[in-house]
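Topology and contacts: notes
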Amino acid sequence: SDSRWTMTYDEYHEEHGEPGGLTKAEADSEGRDITHRFGDRFRLERYAGTIGYQRDLDEATQVDVKLFGGHYRRYSKRQRSGGFGTNPTGTTNDIQEQDFYTLGFEPRIRHTYDAFGQSGHALTAGALVYLSSSPKEDQRGNTIYTDTGTLRNRNDREMQYLSLFAEQLFRFDRLSVTPGVRLEHIWQGINETVNADKHAAGTAFGDVEEFDFVPLFGIGAAYDATPTTTLYTNFSQSYRPKLFAQAVPTGTNQVVNNDLEEGKGWTFDVGARGHGDVFTWDASYFLLRFDDQIGTSGNTIENVGDALHQGLELSTEVDLLAAADRYAGIDGATRLGSLRPFFNLMLLDAKFVDGPQ
């Protein structure tokens, strides 16, 4: 009665051709369901599982442990010739396969307690350990339809990740405040073992190892203005590490800036939400600042600029059967359940405000 085991398994397969290669004039005159990418295919496989264990140590303390992992395979083949609005003229294709083998472990503990004459305070702390091995291969096929070809590139990519986190929920009558912190540790390594273009040009293969430590802070607050309406606001920092392809590009002439920085940002939002038996709604304003975004300028991978995103979000949902029960005096919800049409809207204004791009 004081412990629970949870196990999940998820498997997903997808395969399809790829659209595109059209000019606007072509799409308007011939329809958007045509393609010039006759041999292009995309395949995806994902196998993932979790094992979770929860235990109530006492009435105020709960331990939650989760072990998860899986295999993700991404395969694509794309013709190498023909631009937008042109039929293929070449006879070869690019074939790419990426595999991701992952394993993660996340223990956490939550303790609730009474303080300041108020119950419901809660301290949550834990860690996340995540390991990933993801080899990547690029081949050159001798026709636009072939599934395999001559090996052109191979990268062995590894990542180890550790995050330590804690958050404290304070309750003061109708007001709750929750500060939190995450300490991010990321080790990444990529080793090129095959690169036909670099070999032909006499260029050294890439072999890079990096470590990043980033502390992230955030705070949220909510106020119950009425029994059915809550005002809320949040501020949090964010972080985007460099991708493998940005640390070691496969192109012969591509260059990575020596002073390449990871992306950093912060997010602020403020809003209100309400709920009832029939109607729920949520409206908010958000502001996102994203600094040192990584991109490509010509042949150079660099921090292309700082971006500012802001906008409004609105969501509503109505339970039609519950509304019919309330206003028409029928018993549809009890007999049939619920029928909930919903509407979501986002208005976004985003632009680069600083940097070379």
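Here, the structure is the one placed above.
Residues numbered from 1 in each chain as written. Predicted model: local features only at pLDDT ≥ 70, side-chain atom pairs only at ≥ 80, totals over all residues. Heavy atoms only, no water.

1. A closer look at the overall build of the protein chain
Operational definition: Each helix corresponds to a stretch of at least 4 residues labelled H or I by DSSP, and each strand to a stretch of at least 2 residues labelled E; elements are numbered beginning at the N terminus. All radius of gyration figures rest on C-alpha atoms, and the globule criterion is 2.2 Å times the number of residues raised to 0.38. Think of it in three bands: with a 1.4 Å probe and only protein chains considered, a residue is buried below 20% of the maximum accessible area for its type, exposed above 50%, and partly exposed in between. In what follows, a contact means two residues having at least one pair of non-hydrogen atoms within 4.5 Å.
Check the secondary structure of the protein chain and you find 5 helices and 15 strands. In terms of overall size, the protein chain is more extended than a compact globule, its C-alpha atoms giving a radius of gyration of 26 Å where 357 residues would be expected to give roughly 21 Å. Across its three principal axes, the protein chain shows a C-alpha extent of roughly 75 × 50 × 45 Å. Counting every position in the protein chain, which comprises 357 residues, the buried fraction comes to 29%. Long-range pairs, those at least 24 residues apart, make up 64% of the contacts in the protein chain with a sequence separation of at least 6.

2. Regarding the packing of aromatic side chains
Working definition: an aromatic ring pair is given by the centre-to-centre distance plus the angle between the planes. To keep it simple, the criterion reads: Each pair of aromatic rings taken from Phe, Tyr and Trp, with Trp reduced to its six-membered ring, is defined by centres within 6.5 Å and is described as stacked if the planes are under 30 degrees apart, edge-to-face if over 60, and tilted in the remaining cases.
Going through the model one piece at a time under the given rule, you end up with 7 aromatic pairs. An angle of 20° between the planes, with centres 6.3 Å apart, marks the rings of Phe170 and Phe172 as stacked. Take Phe170: its relative accessible area is 24%, and that puts it in the partly exposed class. On the basis of relative accessible area, Phe172 is assigned to the partly exposed category, the value being 38%. Each member of the aromatic cluster is reached from another via a ring pair, and the members are Phe116, Phe170 and Phe172.

3. Some remarks on the pairing of strand E10 (residues 229-240)
This is how it is decided: In this analysis, strands are considered paired if DSSP registers two or more bridges between them.
Of the pairings in the sheet, the one linking strand E9 (residues 207-226) to E10 comprises 8 bridges and is antiparallel in character. Bridge assignment links Gly218 to a residue of E10, and that residue is Ser236. Turn length for the E9-E10 hairpin, with the two strands adjacent in sequence and antiparallel, is 2 residues.

4. Details of the pattern of salt bridges
This is how it is decided: Salt bridges are identified by distance alone: a Lys or Arg side-chain nitrogen within 4 Å of an Asp or Glu carboxyl oxygen.
Per the counting criterion, the structure on display carries 26 salt bridges. Of the charged contacts, one joins Arg73 and Glu97 as a salt bridge, the two residues approaching to 2.9 Å between their closest N and O atoms. Residue Arg73 is located in strand E3 (residues 61-79), and its partner Glu97 is located in strand E4 (residues 93-115); the two are separated by 24 residues in the primary sequence. Assessed through its relative accessible area of 26%, Glu97 is described here as partly exposed. The residue Asp197 makes a salt bridge to Arg152 at a minimum N-O spacing of 2.7 Å. With Asp197 in helix H2 (residues 196-201) and Arg152 in strand E7 (residues 150-172), the pair connects residues that are 45 residues apart, well separated along the chain. Exposure remark for Asp197: the relative accessible area of 38% places this residue in the partly exposed category. Via salt bridges that share partners, Glu15, Arg41, Arg43, Lys77 and Asp147 belong to a single interconnected network.

5. A look at the environment of Gln188
By the element assignment, Gln188 lies in strand E8 (residues 175-195). Dropping the residues within four chain positions of it, Gln188 is found in contact with Glu158, Met159, Val208, Glu209, Glu210, Pro241, Lys242 and Phe244.

6. What about helix H4 (residues 320-328)?
Note the cut-off: Polar contacts, as counted here, are pairs of nitrogen or oxygen atoms within 3.5 Å of one another; within protein the pair requires one atom able to donate a hydrogen and one able to accept it, and residues that are adjacent in sequence qualify only if both atoms are side-chain atoms.
Regarding H4, the residues found buried are Leu321, Ala322, Ala323 and Asp325. Where H4 is buried, its residues meet helix H5 (332-336). Where H4 begins, the side chain of Asp319 points an oxygen toward the backbone nitrogen of Leu321, at a separation of 3.2 Å. Just beyond H4, the residue with positive phi is Gly329, at close to 70°.

7. Quick notes on the layout of surface pockets
Which entries qualify depends on this criterion: Points on a 1 Å grid over protein atoms alone make up a cavity when a 1.4 Å probe fits among them but cannot get out, and a pocket when they form an open set with protein on both sides within 12 Å along at least five of seven lines; lining residues each have an atom within 4 Å of a point. Grid points are joined across faces, edges and corners, and a volume is the space filled by probe spheres set on the points. Residue polarity follows a fixed list, in which Ala, Val, Leu, Ile, Met, Phe, Trp, Tyr, Cys and Pro are nonpolar, Asp, Glu, Lys and Arg are charged, and the others, Gly among them, are polar.
Its volume calculated, the second largest pocket comes out at about 310 Å³. If you trace the second largest pocket, you find 19 residues lining it, with Glu167, Pro179, Gly180, Val181 and Gly218 closest to the centre. Secondary-structure elements contributing two or more residues to the lining of the second largest pocket are E7, E8, E9 and E10. Of the residues belonging to the lining of the second largest pocket, the class tally is 8 nonpolar, 8 polar and 3 charged.

8. Focus: the pairing of E4
Relative to E4, E3 runs antiparallel, the two sharing 19 bridges. Residue pairing in the sheet places Gln62 in a bridge with Arg110 of E4. As judged from the 12 bridges shared by E4 and strand E5 (residues 118-133), these two strands associate in the antiparallel manner. Each bridged residue has a counterpart across the sheet, and for Thr102 the counterpart in E5 is Ser132. Hairpin connection of E4 to E5: 2 residues between the antiparallel strands, including Phe116 at a positive phi of 55°.

9. A look at the nonpolar core
What counts is decided by this rule: For this analysis, a nonpolar core means a set of buried residues of the types Ala, Val, Leu, Ile, Met, Phe, Trp, Tyr and Cys, connected via side-chain atoms within 4.5 Å.
Counting 9 residues, the largest nonpolar core is built from Leu128, Met159, Tyr161, Ile186, Ile190, Val214, Leu216, Tyr239 and Phe244. Secondary structure elements with two or more residues in this core: E7, E8 and E9. Ignoring anything within four residues of it in the chain, the contact list for Leu216 reads Gly180, Val181, Arg182, Glu184, Gln237, Ser238 and Tyr239.

10. Topic: the side chain of Glu184
The topology assignment puts Glu184 in strand E8. Assessed through its relative accessible area of 8%, Glu184 is described here as buried. Among the polar contacts made by the side chain of Glu184, one reaches the side chain of Arg182 at a distance of 3.2 Å.

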